[in-house]
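Residue-level listing of the chains:
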Amino acid sequence: MFLFSETIPFDYRTYFAAAIPFLKQYSWIFRYNNTKFIRSGVLEALPREWIVDLDTLSNAEFNQIPLGLHKDSWCSSFREFLSQVRALQVEYEEFVERGEKPRITNNEKKHYEVTNLSSFIASLRCVSKDPPKVYVDFGCGVGLLTKRVNELFDVKVLGIDGNAALIEQCNKTPDATQDLQFIQHFITNDSFASIERELANRFNAPKATTVRAAVMGLHACADLSITAIQCFLQCGWCSSITIMPCCYHLMKTLPEETSAPNGEIGFKNFPLCDELRCMVADGSRALVCKSFLRLACQQTTARWQSLTVEQHQQHGRTMFRRGLIDAILEGGESVRVGKLKQIPEQTTVDNVLQQFTLRKAGEGGTAQEQPWAVHHRKKLTALLDRYGSDGPRLAEYVECLQMCLQKICENVVLLDRMCYLEQEAKQVGLQISRKL
């Protein structure tokens, strides 16, 4: 177990040196789109002795595996895997929101996120000698966080989003005032000077005065959180950032000519810090792929621990059927998925093909619907003969192993960003405090 403290330096090099070889060893668990787990041979890579151990568990025990359950009766290789998972966990100084919060939206998830992040911002203001009087909300969306920060702290807030329709919606609400404004703009590293001008013009600052502002962001998708870090490092007007990144797998990719030997495309903003970049370049570059980043930003083990037997069965059947259908597709073929209220308990050739509509690229690249052919049926029959009724259960076992690795993948992403932030700040002599 590693500890990330607000005041104690973190040994990034040691963590990366342990995490990268481990993730490389078990990359068969996640190095593919989940619909391709059968095509990618994951069920063959899943150790038979692990399956035997997993078969012995109750649902309550199964739910606890990503949370640290460990049994001495399990085979040595499974115990070693789980021991390494535990050793690579990072303990952060958890922020706990106190008390009930007034309902700000009917969407439970959005309410939870906005109230927690605004409460965290409040905790930072409490310990600041000079709390920010102006905030900039990067990727403000419909303005829920923007409005809440404006109301809670009586500060000026500028919400910015690239979606013109959302900004139009924000500006139509009675909440938009002189101290709460919204503009449509797609934020990049070239935006910092124009944002500074907007702050001065909109909040009546004298021309010779630079408005000091704090940048915040909820659901800072793809590269936006990196842009916020660059804004903090480069701009005198940016006093702090409070950012919640997501959708790492949507970050900008590097040109194809710089791809790894296996054809895997790299990412412009990952890795960032020198420590991780060196380790990834040293034979582990293919590890940094879209599926790795997608797993890093998936839901955490919090949702896994309360799943029922029925929910596991339903998810396993869904994942298995998607894997089957992908495994029988050929070049230029895709499918349209028909949603089912209840996935059939028994998976058959007919009920799988009835759920998915085959599409094949025609002239001009337009996909045309096609009937399933005899060879599709033969391939699907062979797969069902091979995996039979075990398929859904094995699919859920794979998902369980992915949940074990989720935190480690996200730790690598977040610690890379924090390491980079500290590294760059040190180079320019910038004194910073940080919290993760």
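This structure is a prediction, so every number in the text was calculated from the model and none was measured. (Residues numbered from 1 in each chain as written. Predicted model: local features only at pLDDT ≥ 70, side-chain atom pairs only at ≥ 80, totals over all residues. Heavy atoms only, no water.)

1. Quick word on unusual backbone geometry
Here the bond from phenylalanine 270 into proline 271 is cis, since omega is -5 degrees, no more than 30 degrees from zero. By secondary structure assignment, the location of proline 271 is in the loop between β7 (238-246) and α11 (274-281). In the Ramachandran plot, histidine 219 falls in the positive-phi region, its phi being about 60 degrees despite a non-glycine side chain. Within the element layout of this structure, histidine 219 appears in strand β6 (residues 213-221). The backbone of cysteine 247 sits at a positive phi, close to 50 degrees, despite the residue not being glycine. The topology assignment puts cysteine 247 in the loop between β7 and α11. (Helix = DSSP H or I, 4+ residues; strand = E, 2+ residues; numbered from the N terminus.)

2. Side note on the domain arrangement of the protein chain
Here the protein chain is described as being made up of domain 1 (10-92 + 301-405) and domain 2 (106-249 + 410-428). Its C-alpha centre places domain 1 at a distance of 37 Å from the equivalent point of domain 2. Contacts between the two partners involve eleven residues from domain 1, matched on the other side by seven residues from domain 2. Each partner contributes to the roughly 730 Å² buried at the junction of domain 1 and domain 2, and carbon and sulfur atoms together form 68% of this total. For the domain 1 face of the interface with domain 2, the top three residues by lost area are Tyr12, Phe16 and Tyr92, together amounting to 66%. Counting across the interface, domain 1 meets domain 2 through zero salt bridges. Here domain 1 is connected to domain 2 by three residue pairs in polar contact (both at pLDDT 80 or more). Sorting the residues of the side of domain 1 that touches domain 2 by element identifies α1 (12-25) and β2 (90-92) as the ones contributing at least two each. Ranked by residue count, the leading element in the side of domain 1 that touches domain 2 is α1, at six residues. The residue makeup of the side of domain 1 that touches domain 2, split by class, is ten nonpolar, one polar and no charged. (Domains from an automatic or database assignment. Contact = heavy atoms within 4.5 Å. Buried area = accessible area lost by both parts, 1.4 Å probe. Salt bridge = Lys/Arg side-chain N within 4 Å of Asp/Glu carboxyl O. Polar contact = N/O pair within 3.5 Å; in protein donor to acceptor, adjacent residues only side chain to side chain. Nonpolar A, V, L, I, M, F, W, Y, C, P; charged D, E, K, R; others polar.)

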